[in-house]
There are 2 protein chains.
Amino acid sequence: MTKMGLTYTRNILVQTKEFEIVSCEWQKDSASALHNHDWSLCHVLVQEGVFENESHNGYRTEFSIYETGQVMSTPRGVEHRIKCLSAKGKTLHVYVPKLAESKTHLSPINIADIKKLVDLKVSNKGVKWNELSSELSKIREHSLSTNSVYFMNQLFSGVSAETIAADEVLTQTKTTMATFEASPVLSLVEVEVVKQLGEVIGWQQTEGITVPGGSSANFMALHCARQRRFENYKEEGLAGNKVKVFVSEEAHYSFRKACIVLGLGSNALVTIKADENGRLLMSDLSEKVSHAVQKGEVPLLVAATAGTTVFGAFDPVKEMAAFCKAQGIWLHVDGAWGGPVIFSKQHRHLIDGIQMADSFTFDAHKLFGANLTCSFFLTKHTTVLLEANDVSGGDYLFHESEMVDRGRLSWQCGRQAEAISFWTIWKSAGTSGLENFVDRMMKVREENAAWIQQQPRLKLLKNPDYLNICVQILPPRAGMDEAGWSLHVRNQLREKNLTMVNYSTTPDGTTFLRLILAHPKINSEIVQQIFQWALEVGLE
Amino acid sequence: MTKMGLTYTRNILVQTKEFEIVSCEWQKDSASALHNHDWSLCHVLVQEGVFENESHNGYRTEFSIYETGQVMSTPRGVEHRIKCLSAKGKTLHVYVPKLAESKTHLSPINIADIKKLVDLKVSNKGVKWNELSSELSKIREHSLSTNSVYFMNQLFSGVSAETIAADEVLTQTKTTMATFEASPVLSLVEVEVVKQLGEVIGWQQTEGITVPGGSSANFMALHCARQRRFENYKEEGLAGNKVKVFVSEEAHYSFRKACIVLGLGSNALVTIKADENGRLLMSDLSEKVSHAVQKGEVPLLVAATAGTTVFGAFDPVKEMAAFCKAQGIWLHVDGAWGGPVIFSKQHRHLIDGIQMADSFTFDAHKLFGANLTCSFFLTKHTTVLLEANDVSGGDYLFHESEMVDRGRLSWQCGRQAEAISFWTIWKSAGTSGLENFVDRMMKVREENAAWIQQQPRLKLLKNPDYLNICVQILPPRAGMDEAGWSLHVRNQLREKNLTMVNYSTTPDGTTFLRLILAHPKINSEIVQQIFQWALEVGLE
């Protein structure tokens, strides 16, 4: 069972499906290749000698020195390389669980096939653990590999070691954020993240709450604006008030949903035209607000989008902020996708004026890769969340406490401390690490935008503000279906299990691909590889 | 390093903080004690002989036979015992990570102490993995041990192996339930759980959606009732309609919050008196609905509570259903806490009439111990969720699909497949396992209620319908503060790190303890031990 590596000897002591124990002997400067262990835990005990462990996660590279008796632990989701620094060395490796190399699953799967592959039915008598584990493995195996660098379909990609570690804490502590007494430490984690985000935004004071997704943060913005505008709203509702909400035609659909759910009705939503770059047109906003005011309607909220879903466009926050201030309208900025630019000195100009906004949606589970969901509603009005959301009748739960129980600010009662996922990432990377990450992604975008413009069969739809690369693929020959070709390409690339990118359609019905740059390991070679594949697609 | 057990020899081969490798030699019928490994993974390779592994999780005991070359894996959160069936045997054990025995943390902790114990601040340059891991361990260590059988403060207790396994799948797949194409298998898991729950309820057809907590399910009920009642509601909102919502004074505070958030205003909420057992009074409901109708108001929704937060009372669902049917009012049943009785032939009578309800809140994270949160809004009106929640503007995301994308039924866009947590528990225990669990807990309640009534210093506030044991502790001597004594006892038991139980107050200001029976390992001895401690509390 001995295998000769280039410069070290590897001896498998025990090999089972569930774990593996390996012994290695090393000479000076011998090193393993850069590798990862998929979802396995990897622990290496230094039995003799001095070693360097180099580990890479998306945000940065870390070097550590280990001596005899110490253990190098590489967390799941991280690549590493071990190098012997002493004249010779000996190591003992334990891998748990020992998983078969996982296949990347990006191709489509239909309902009939899933039902054949996974036994979804629950039975009367239940199943033993081994059978249960096997079904869970099948669910994992046939689910999308969102951890692949070729997964570009959503506004997130990749699973980080930090996310996994933070989630383990949540699963094991399993406590509720409703009260400080049930979540003393985790309540402070949420408060800390809110406070620090407020400082990065540039507000003098901040209140905020973790909400179940960016849509919910947008709902909460409307709710807080309403609370501030109408004195007796909480008791009397909105009956009799004609209220309008203004968002770009490129804004997220959750604003329309918010108007319906919050009882205003979708007629309350006024959509503002966007310019050719997908940015809200100030002239149209100004006109439509005036029109509403003339009709005696109340302009309640204006929402700017920082990073639209399709084109990644940034609305002119500064101009909107000045306008809203003059008119006394609540300005909300939906930064679910583009919010991370607040961390970048180089790219923060995209969201200039954010410090004048009343509230902000920030999804740490998008670009920054926190677990789904890790969303924050943030506002500089520090009392409005409590005013809008605290009700009587919770005294069975909310006792006297050293701080305001977080449940009183929320629409949820029992909930997990989702904030810890982003806290762990931020703590690990540091503020500068988050900045570097944004800057590096933006550089990949820039390189690719330039490259695409030189390719005769690739048509860049807009020069991207942010990390959405929207490209039409032209068919290989004239006379072929130009409008539908990009969708055909998308489907073929999925069928071949190469990549999963999303698509959209221009008003004239032409389809185009939307590649999202979010995976921490993305680089220009990977993006260009995808376009290479796209160009190779034929009719088949 | 050899330690002689009673009947087997244990030889520690490698011991580090991160993992441990142990070799054991056995004789026929020698067995380990029943033990667990806290948050460690335990894998045992049979190197020689035949072994039986007996494992206990909350729902049941499982026996499996293993032969040479096979591995017995005991998941986290499970107790097990190994027994040698052959003349002699040899096993190799791998434990990862090797954790120090964890202390149970139930005592209060203040903000200043937390800040000393955990470094909550994020820095500019970040921290290395070892430091990050250490901070996460500290967060876990100083958070409440909700896995302790002495944690009875919330409407849940215990962390199961199933929950941990399901969560691992979610963390690693990290995909969104918004669309079928992003979550093909997990969408079917959600659909399956909804369908099966509907069958247990007794509805002929069911639609439902996972929502972020029981409060959200109650919000959704109001939203769907409104959608059904007012034809142009979605476009026009509720302006001009005088709408009333009827709930018991013992109902969850989320109904009041729902009225505010959904734009009706808290004045829309009419509270109905409860009888001496905490159950809604039909006569008062009937009177208040008539009164509203006379005033030209629209009675939109009546909510019955199945298992109130304080007393665990069940409103008379059957009478309410008949009344609502006659009046054409939407009947919602909030079964967040008491809903599990639908699984018990013996106790289902508590919720009799449920099949006539229009909608149901079911929290799998409460009694059944799924991860926080795993909540379902269920309705027999199969089209109402789509009617109420689908909006235009999501075409960048919702493409043609083999099934309706789940995001179109939801208030959330990106979200995890929380349903898998309950699916895993249900799949493991089986429907009969869930039934047995409810019945066993109810038996513990019965035994304790009888026992308490014999104790001179324990005063049972109500004969419990369900798993809330509400008891006033009388002080040891006459003349001591009787009203505040139970709260004093509660605080003392926490200070001593013995137990965490919640408390509440009667209208006359007398405090009492509320013990929640939910932990799968609870039994009468444990409950009586807690009362024994409670009786021993002095003035100190």
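Residues numbered from 1 in each chain as written. Chains lettered and ligands numbered in written order. Predicted model: local features only at pLDDT ≥ 70, side-chain atom pairs only at ≥ 80, totals over all residues. Heavy atoms only, no water.

**Examining the overall build of chain A**
What chain A contains, in helices and strands, is 13 helices and 21 strands. On C-alpha atoms alone, chain A measures out to a radius of gyration of 26 Å, which is about the 24 Å that the 2.2 N^0.38 rule sets for 540 residues. For the C-alpha atoms alone, the extent of chain A along its principal axes is close to 85 × 75 × 55 Å. The proportion of buried residues among the 540 residues of chain A is 66%. For chain A, restricting intrachain contacts to residue pairs at least 6 apart in sequence, the fraction spanning at least 24 positions comes to 70%. Of the roughly 19,300 Å² of accessible surface on chain A, 48% is carried by carbon and sulfur atoms. Between the averaged position of the 55 positive side-chain charges in chain A and that of its 60 negative side-chain charges there is a distance of 4 Å. (Helix = DSSP H or I, 4+ residues; strand = E, 2+ residues; numbered from the N terminus. Rg over C-alpha atoms; globule rule 2.2 N^0.38 Å. Buried < 20%, exposed > 50% of the residue type's maximum accessible area, 1.4 Å probe, protein only. Contact = heavy atoms within 4.5 Å. Areas by Shrake-Rupley, 256 points an atom, 1.4 Å probe, with all protein chains shown as cover. Lys, Arg positive; Asp, Glu negative; His and termini not counted. Charge placed at Lys NZ, Arg CZ, Asp CG, Glu CD.)

**Things to note about the packing of aromatic side chains**
Residue and element names in this part refer to chain A. This model, assessed by the stated rule, comprises 43 aromatic pairs over all chains. Look at Phe-343 and Phe-368: their rings are 5.5 Å apart centre to centre, the planes differ by 80 degrees, and that puts the pair in the edge-to-face class. You can see Phe-343 sitting in the loop between β15 (330–335) and β16 (359–363) and its partner Phe-368 sitting in the loop between β16 and β17 (375–379), a full 25 residues away along the chain. Take Phe-343 and Phe-368: they sit in the same class, and that class is buried. Note that Lys-462 overlies the ring of Phe-311, its terminal NZ or CZ placed 4.3 Å from the centroid. (Phe/Tyr/Trp six-rings, centres within 6.5 Å; stacked < 30°, edge-to-face > 60°. Lys NZ or Arg CZ within 6 Å of the ring centre and 35° of its normal.)

**Let's talk about the relation of the copies chain A and chain B**
Rotating chain A by 180 degrees about the axis while translating it 0.0 Å along that axis superimposes it on chain B, leaving an RMSD of 0.0 Å. In symmetry terms, the pair is related by a two-fold rotation axis. Of the interface residues in chain A, 100% have counterparts in chain B that sit at the interface too, so the contact is made through matching surfaces. (Least-squares fit on C-alpha atoms with pLDDT ≥ 70 in both.)

**Topic: the sheet that holds strand β8 (residues 79–84) of chain A**
Residue and element names in this part refer to chain A. Ordered by their spatial adjacency, 3 strands build an open sheet running β6-β5-β8, and the pairing between neighbours is antiparallel. Looking at strand neighbours, the two that pair on one side only are β6 (61–67) and β8, the edges of this open sheet. Adjacent strand axes in the sheet meet at a mean angle of 20 degrees when their direction is disregarded. Note that strand β5 (residues 50–56) and β6 share 7 bridges and pair antiparallel. Note on β6: the bridge partner recorded for Phe-51 is Tyr-66. (Pairing = 2+ DSSP bridges. Axes fitted to C-alpha atoms, helices over the stretch in contact; angles between N-to-C directions.)

**So, the pattern of salt bridges**
According to the stated counting rule, one finds 51 salt bridges over all chains in the structure shown. Note that A:Glu192 and B:Lys121 form a salt bridge whose closest N and O atoms lie 3.7 Å from each other. Pair noted here: A:Glu192 is in helix α4 (residues 184–201) and B:Lys121 is in the loop between α1 (111–117) and α2 (129–142), and the two residues belong to different chains. In this structure A:Glu192 comes out as buried when scored by relative accessible area, which is 7%. The exposure class of B:Lys121 is partly exposed, given its relative accessible area of 45%. In this structure, B:Glu297 engages B:Lys244 in a salt bridge whose closest nitrogen and oxygen atoms are separated by 3.9 Å. (Salt bridge = Lys/Arg side-chain N within 4 Å of Asp/Glu carboxyl O.)

**Some details on the side chain of B:His223**
As for its position among the elements, B:His223 is in helix α5 (residues 214–229). Beyond its immediate sequence surroundings of up to four residues, B:His223 is in contact with A:Ile260, A:Val261, B:Tyr233, B:Leu262, B:Ala388, B:Asn389 and B:Trp411.

**Digging into the sheet that holds strand β6 (residues 61–67) of chain B**
All names here are of chain B. Strand order in the open sheet formed by 3 strands is β6-β5-β8, and the pairing between neighbours is antiparallel. The two strands at the open ends of the sheet, each matched to only one other strand, are β6 and β8 (79–84). Along the sheet, successive strands turn relative to each other by an average axial angle of 20 degrees, direction set aside. One ladder, built from 6 bridges, connects strand β5 (residues 50–56) with β8; its direction is antiparallel. Counted as the bridge partner of Ser-55 is His-80 from β8.

**Looking at the interface of chain A and chain B**
On the side of chain B, 152 residues touch chain A, which itself brings 152 residues to the contact. Our enumeration of links across chain A and chain B arrives at 10 salt bridges. Between chain A and chain B we count 70 residue pairs in polar contact (both at pLDDT 80 or more) in total. Tallied by class, the residues present in the side of chain A that touches chain B amount to 66 nonpolar, 55 polar and 31 charged. (Polar contact = N/O pair within 3.5 Å; in protein donor to acceptor, adjacent residues only side chain to side chain. Nonpolar A, V, L, I, M, F, W, Y, C, P; charged D, E, K, R; others polar.)

**Observations regarding the environment of B:His291**
Examined against the element boundaries, B:His291 turns out to sit in helix α8 (residues 282–294). Between the alpha carbons of B:His291 and B:Gly202 there is a distance of 33 Å; along the sequence they are 89 residues apart.

**As for α8(B)**
Residues and elements named next belong to chain B. Here α8 spans 18 Å end to end across 13 residues, near enough to the 18 Å set by a 1.5 Å rise per residue. Inspection of α8 places Asp-284, Leu-285, Val-289 and Ala-292 among the buried residues, and these make up the whole buried set. Mapping the buried residues of α8 onto a view down its axis gives an arc of 125 degrees, with all of them on the same face. Facing away from the buried side of α8 by more than 90 degrees, the exposed set consists of Glu-287 and Gln-294. Immediately beyond the C-terminal end of α8, within one or two residues, lies Gly-296, with a positive phi of roughly 80 degrees. (Expected span 1.5 Å × (residues − 1). Arc of directions from axis to C-beta.)

**Considering the packing of helix α8 (residues 282–294) of chain A against helix α9 (residues 317–327) of chain A**
Residues and elements named next belong to chain A. It is the contact of α8 with α9, at a shortest axis distance of 11 Å, that shows an interaxial angle of 15 degrees. Relative to α9, the element α8 lies roughly parallel. Relative to α9, the crossing made by α8 is right-handed. Note on element contacts: α9 touches α8 through Glu-319, Met-320, Phe-323 and Gln-327, opposite Met-282, Leu-285, Ser-286 and Val-289. Looking at the contact of α8 with α9 residue by residue, the class counts come to 5 nonpolar, 2 polar and 1 charged. (Parallel < 35°, antiparallel > 145°, perpendicular 65-115°, else oblique. Left-handed = near helix turned anticlockwise from the far one by under 90°.)

**Topic: the nonpolar core**
Counting residues in each nonpolar core, the largest one holds 114 residues, and the members touching the most others are B:Phe362, B:Phe376 and B:Phe422. Not counting residues up to four positions away in its chain, the partners in contact with B:Phe422 are B:Val193, B:Leu197, B:Phe343, B:Phe362, B:Ala364, B:Phe368, B:Ala370, B:Cys374, B:Phe376 and B:Leu434. (Core = buried A, V, L, I, M, F, W, Y, C linked by side-chain atoms within 4.5 Å.)

**Points about the packing of helix α11 (residues 419–453) of chain A against α2(B)**
Contact pair α11(A) / α2(B): the axes reach a minimum separation of 10 Å and the direction vectors enclose 150 degrees. When the interaxial angle is binned, α11(A) and α2(B) end up roughly antiparallel. For the pair α11(A) and α2(B), the sense of crossing is right-handed. On α2(B), the residues touching A:Ile420, A:Trp423, A:Thr424, A:Lys427 and A:Ser428 of α11(A) are B:Leu132, B:Glu135, B:Leu136 and B:Ile139. In the contact of α11(A) with α2(B), the residues fall into 5 nonpolar, 2 polar and 2 charged.

**Topic: the confidence of the model for chain A**
Residues and elements named next belong to chain A. Per-residue confidence for chain A averages 94 on the pLDDT scale, and 98% of its residues sit at or above 70. Under a pLDDT of 50 for its full length, residues 1–5 has, in the predicted model, 11 contacts with residues more than four places off or in other chains. The complex prediction reports pTM at 0.96, with the ipTM value standing at 0.95. (pLDDT = per-residue confidence, 0-100.)

**Describing helix α3 (residues 161–173) of chain A**
Over its 13 residues, α3(A) extends 19 Å from the first C-alpha to the last, a length consistent with the 18 Å expected when each residue adds 1.5 Å. In terms of burial, α3(A) is a largely internal element, 12 of the 13 residues being buried. Taken together, the buried positions of α3(A) are occupied by A:Ala161, A:Glu162, A:Thr163, A:Ile164, A:Ala165, A:Ala166, A:Asp167, A:Val169, A:Leu170, A:Thr171, A:Gln172 and A:Thr173. Summarising the contacts, the buried residues of α3(A) are in contact with α4 and α11 of chain A together with α2 and α3 (161–173) of chain B.

**Thoughts on the pairing of strand β2 (residues 8–15) of chain B**
Residues and elements named next belong to chain B. Inspection of the sheet shows β2 paired to strand β3 (residues 20–27) by 7 bridges, in the antiparallel sense. Bridge assignment links Asn-11 to a residue of β3, and that residue is Ser-23. Between β2 and β3, which pair antiparallel in sequence order, lie 4 residues.

**Digging into unusual backbone geometry**
Excluding glycine, residues mostly carry a negative phi; peptide bonds, for their part, are mostly trans. Omega for the bond connecting A:Val96 with A:Pro97 falls within 30 degrees of zero, at -20 degrees, which places this linkage in the cis form. Positive phi, normally seen in glycine, also occurs at A:Lys174, with a value near 40 degrees. Relative to the elements of secondary structure, A:Lys174 occurs in the loop between α3 and α4. According to the relative accessible area criterion, A:Lys174 is buried, its value standing at 0%. Even without glycine at this site, B:Asp29 takes up a positive phi of about 70 degrees. You can see B:Asp29 is positioned in the loop between β3 and β4 (41–48).

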